[in-house]
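Analysis of the macromolecular model
So you can see what is in the structure, the chains are spelled out below.
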Amino acid sequence: MTREQRHAILGPRIVAHIHKTVDAAPDPSPELVTELRRIMTNPAGNIPAPRPAVAAEPAAEAA
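Residues numbered from 1 in each chain as written. Predicted model: local features only at pLDDT ≥ 70, side-chain atom pairs only at ≥ 80, totals over all residues. Heavy atoms only, no water.

Bringing the overall build of the chain into the picture now. The number of helices and strands found in the chain is three helices and zero strands. Order of helices (α) and strands (β) in the chain, N terminus to C terminus: α-α-α. Computed over its C-alpha atoms, the radius of gyration of the chain comes to 27 Å, more than 25% above the 11 Å expected for a compact globule of 63 residues. Expressed as lengths along the three principal axes of its C-alpha atoms, the size of the chain is roughly 85 × 35 × 10 Å. Expressed as a percentage of the 63 residues in the chain, the buried residues total 5%. Split by element, the accessible area of the chain, about 6500 Å² in all, is 62% carbon and sulfur. Computing the positive centroid from 7 side-chain charges and the negative centroid from 7, the chain places the two 15 Å apart. (Helix = DSSP H or I, 4+ residues; strand = E, 2+ residues; numbered from the N terminus. Rg over C-alpha atoms; globule rule 2.2 N^0.38 Å. Buried < 20%, exposed > 50% of the residue type's maximum accessible area, 1.4 Å probe, protein only. Areas by Shrake-Rupley, 256 points an atom, 1.4 Å probe, with all protein chains shown as cover. Lys, Arg positive; Asp, Glu negative; His and termini not counted. Charge placed at Lys NZ, Arg CZ, Asp CG, Glu CD.)

Printed below as a string of structure tokens:
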């Protein structure tokens, strides 16, 4: 959805209200910025390190 489409759906009064509300919001704390940066750059968390392969047991010979 484009900006123009959102404005057409919401109307100028609602868009102005949204901008006014966002402008009135306080700036985030440095701790929040750090936490959000971690989430946004690595949303899945740490990727586990690969484990060494385990050798398969030799197949039993048919009798």
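Taking 1.5 Å of rise per residue, 13 residues should cover 18 Å, and helix α2 (residues 12–24) covers 18 Å from first to last C-alpha, within 8% of that figure. Along α2, only one of the 13 residues are buried, which leaves the element largely exposed. (Expected span 1.5 Å × (residues − 1).)

Time to look at helix α3 (residues 30–41). The first and last C-alpha atoms of α3 sit 16 Å apart over 12 residues, in line with the 16 Å expected at 1.5 Å per residue. Where burial is concerned, little of α3 is hidden: zero out of the 12 residues are buried.

Right, let's talk about a nonpolar patch on the surface for a bit. Taken together, the side chains of Met1, Ile9, Leu10, Ile14, Ile18 and Val22 make up a nonpolar region of the molecular surface, amounting to roughly 590 Å² of accessible area. At three residues, the largest contribution of residues to the nonpolar patch is made by α2. What makes Met1 exposed here is its relative accessible area of 67%. (Patch = residues over 30% accessible without salt bridge, like charges linked within 9 Å, V, L, I, M, F, W, Y side chains within 5 Å. Salt bridge = Lys/Arg side-chain N within 4 Å of Asp/Glu carboxyl O.)

Moving on to the environment of Ala25. Among the secondary structure elements, Ala25 is positioned in the loop between α2 and α3. Ala25 gets classed as partly exposed once you look at its relative accessible area, which sits at 42%. Separated by 19 residues in the primary sequence, Ala25 and Arg6 place their C-alpha atoms 22 Å from one another.

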